[in-house]
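Results of the structural survey
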Amino acid sequence: MMVVDDESLGRMSVSKMINELALDLEVIATARHGEEALALIRINKPHIVVTDMNMPVMNGREFLEKLYEQYGEIKVIVISGYSQFEFLKAALTYDACEYVLKPVSLPDLRNAMLKAVGAVREYSSRQQERRFSQDMLKLRREVFLQNVTSGRISNRSDIRRQAKELQLPEPESPCRLAVCMIRQFRDITERKFHGNADLFLFSVENILGEVLREAVPANNAPVPYKSDDRLRLCLLLPETPFDRDRIHGLLSNFHAAMKTMLDADVIAGISPICMQPDKLLEAFRSADGALLVNPLGADGLSIRWAELSAAESGETGLLSSFDLKAFGQALATGNGDAFRRLAEELARKAESRADLTIREAHRALRSVLETAASERPGIASSYPALFGAGALDALLDIGQLRAFLALAAEAIGGGPSRGPTDASRSVEEIVRYLDAHYFEDVSLIDVATRFHLDPSHLSKLFKSVTDENFIEYVTRRRMEKACELLRASDRKINEIAELVGYENQRYFSQVFKKFTGQTPSEYREAKS
């Protein structure tokens, strides 16, 4: 099930009641409005959607229409505090199972759920069953390959038996494993997918799927799957027909599609030939190791072959023992200025090294973090963006390295020598940016990324300096501008809403009334 409601309390309340019903139901996703729900449905694939009607961005009627057109198999229950004819008509028109008025009672909710469950079961058809079987086979293959790749399944007979059940290539078939990553993974996730990494990866998988369908015969198709950390896409490639030239051509097509669709660069590591699936763990390690030998500063498609990477000896180390001792001394003495100077020098040194590999950069940063954790016990838990599991894994280009070091200098290097005006100056710069861009779709994560700060750290810093949280400040600036426009112009209210950053006029009016105590029309009349 999915629950859609613009109020977090409403989502939590309905989800809790569904759990209390003790039916064979599970809430697997929640969304704030119809647009977000449609994006998440592609990933989570619920059987039943419970939705409110009065929502911003995409209201209930529009959501029901699109849901009916795109996902006719999903059954809908409407829960609303309104009984307007247009809402009831939309529920009937788009085949909702039930319309339940708030406040919702458990008996009413139970009856609606049972009705929806019955409708889901009745709707089941042979075509759906085949599609479900295909999806389940893909999912089971992915889980199996993840388990083998990570070493959770190691018994040879178990591996071969399950591979046969899952219709994977014969164990005697030689293959290679390609491990791919996207250089701009985090940047694109924040800019284009509102921080939803799963949604971004889903888009990448779709692009790869299209490339495979166009270029590869079905009987010799590679088997794609995601790694455990959901940062890497792996491709199990049969040696026939995938020799080196064909692998390079396939990855070139994938990169070209990624560049066109998302302006993203693909990097890859390719394992030696192995007998799958027995040797997938070794193949993954060698391919991932080859991927990390790709240069940090390269542009475009970048591929490394494990056989060649193993023979390379160009890595000389980005951080000397002397440099590391200097970092340790700066931390031990609380000299924030020295730490920031060392971080800047490390960034410049990295930028000057055309041969710097991803692995070298990761090793240097990891050493700095380990030194910081040793000198400042407890700091790791305060800055998950730096010390969290996998924090370095998606750092794949020079820009990300510099941003990472800037964040480290802000977080770790904040010693006694750092005056309080430094924080004020940072926030003042951000405030100037917000004053110039308040009408855009700005979020805390967007601004934190732009100014190379950890979002949680920025939130606390912003509040401490301005005495307002981030959302309060943006909303106040928007409302002040709206008041100015209402007083000084004859523009329509929907035009003013758009000018100050609100696509939905109803939602704008709600926020305006909460801010001023009047609707926009009442405010204009009072000031005229």
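Residues numbered from 1 in each chain as written. Predicted model: local features only at pLDDT ≥ 70, side-chain atom pairs only at ≥ 80, totals over all residues. Heavy atoms only, no water.

Describing the overall build of the protein
- A count of helical and extended segments in the protein gives 25 helices and 11 strands.
- A principal-axis box enclosing the C-alpha atoms of the protein has dimensions of 75 × 70 × 40 Å.
- Within the protein, counting contacts between residues at least 6 apart in sequence, those at least 24 apart form 68% of the total.
- Carbon and sulfur atoms make up 50% of the accessible area of the protein, which amounts to about 26700 Å² in all.
- The positive charge centre, built from 68 side chains, and the negative charge centre, built from 76, are 1 Å apart in the protein. (Helix = DSSP H or I, 4+ residues; strand = E, 2+ residues; numbered from the N terminus. Contact = heavy atoms within 4.5 Å. Areas by Shrake-Rupley, 256 points an atom, 1.4 Å probe, with all protein chains shown as cover. Lys, Arg positive; Asp, Glu negative; His and termini not counted. Charge placed at Lys NZ, Arg CZ, Asp CG, Glu CD.)

Concerning the sheet that holds strand β1 (residues 2-4)
- Read from one edge to the other, the open sheet built from 5 strands follows the order β2-β1-β3-β4-β5, with strand pairing classed as parallel. In the strand order of this sheet, the two ends are held by β2 (29-31) and β5 (98-101), each with one partner. Geometrically, the sheet is characterised by an average inter-axis angle of 15° between neighbouring strands, direction not taken into account.
- Bridge count for β1 against strand β3 (residues 48-51) is 3 bridges, and the pairing is parallel. Bridge pairing in β3 links M2 to V49.
- Against the sheet, helix α1 (residues 8-20) contacts β1, β2, β3 and β4 (75-80), and its axis sits at roughly 150° relative to β1. (Pairing = 2+ DSSP bridges. Axes fitted to C-alpha atoms, helices over the stretch in contact; angles between N-to-C directions.)

Here we look at the environment of S352
- With respect to the helices and strands, S352 occurs in helix α14 (residues 336-352).
- Separated by 55 residues in the primary sequence, S352 and G297 have C-alpha atoms spaced 9.5 Å apart.
- Looking at S352, its side chain comes within polar contact range of the main-chain oxygen of K349, at 2.7 Å. (Polar contact = N/O pair within 3.5 Å; in protein donor to acceptor, adjacent residues only side chain to side chain.)

Remarks on the pairing of strand β6 (residues 174-182)
- Counted residue by residue, β6 has 8 buried out of 9 residues, so it is predominantly covered.
- Bridging between β6 and strand β10 (residues 274-275) involves 2 bridges; their strand directions are antiparallel. Paired with C175 across the strands is C274, a residue of β10.
- In the sheet, β6 pairs with strand β8 (residues 233-238) via 6 bridges, with the strands oriented antiparallel. Residue pairing across strands places L177 opposite L236, the latter belonging to β8.
- Across 5 bridges, β6 lies against strand β9 (residues 266-270) in antiparallel orientation. Bridging across to β9, A178 finds its partner in I270. (Buried < 20%, exposed > 50% of the residue type's maximum accessible area, 1.4 Å probe, protein only.)

Observations regarding the nonpolar core
- The biggest cluster of nonpolar side chains holds 95 residues, and the ones touching the most others in it are F144, L177, M258, L386 and I412.
- Counting residues in each nonpolar core, the second largest holds 25 residues, with L40, F63, L64 and Y71 among its members. (Core = buried A, V, L, I, M, F, W, Y, C linked by side-chain atoms within 4.5 Å.)

Observations regarding helix α15 (residues 358-375)
- The end-to-end C-alpha separation of α15 is 26 Å, in line with the 26 Å expected for 18 residues at 1.5 Å each.
- All of the buried residues along α15 are I358, E360, A361, H362, A364, L365, V368, L369, T371 and A372. (Expected span 1.5 Å × (residues − 1).)

Details of the pairing of β8
- For β8, a buried count of 6 out of 6 residues is recorded, marking the element as mostly surrounded by other parts of the structure.
- For strand β7 (residues 223-226) and β8, the ladder comprises 4 bridges, and the chain directions are antiparallel. Within β8, the residue paired with P224 across the bridge is L235.
- Linking β7 to β8, which pair antiparallel, is a turn of 6 residues; within it R230 sits at a positive phi near 60°.

Quick word on the confidence of the model for the protein
- Confidence in the prediction for the protein averages 85 pLDDT; 93% of positions are at 70 or higher.
- Taken element by element, the protein is modelled with least confidence in helix α19 (residues 420-437), mean pLDDT 76, and with most confidence in β9, mean pLDDT 97.
- Counted against residues more than four places away or in other chains, residues 415-421, with its pLDDT under 50, gives 10 contacts. (pLDDT = per-residue confidence, 0-100.)

Topic: helix α22 (residues 470-488)
- Its 19 residues give α22 an end-to-end C-alpha distance of 27 Å, which sits within 8% of 27 Å, the value for a rise of 1.5 Å per residue.
- Where α22 starts, the residue carrying a side-chain oxygen 3.2 Å from the main-chain nitrogen of I471 turns out to be N469.

Observations regarding the packing of aromatic side chains
- With the rule as written, the count across this model stands at 11 aromatic pairs.
- Measuring from centroid to centroid gives 5.4 Å for Y438 and F439, while their planes differ by 85°, and the two rings are edge-to-face.
- Taking the relative accessible area as the measure of exposure, Y438 reaches 9% and is therefore buried.
- With a relative accessible area of 39%, F439 lands in the partly exposed category.
- Centroid distance Y502 to F508: 5.7 Å. Interplanar angle 45°. Geometry classified as tilted. (Phe/Tyr/Trp six-rings, centres within 6.5 Å; stacked < 30°, edge-to-face > 60°.)

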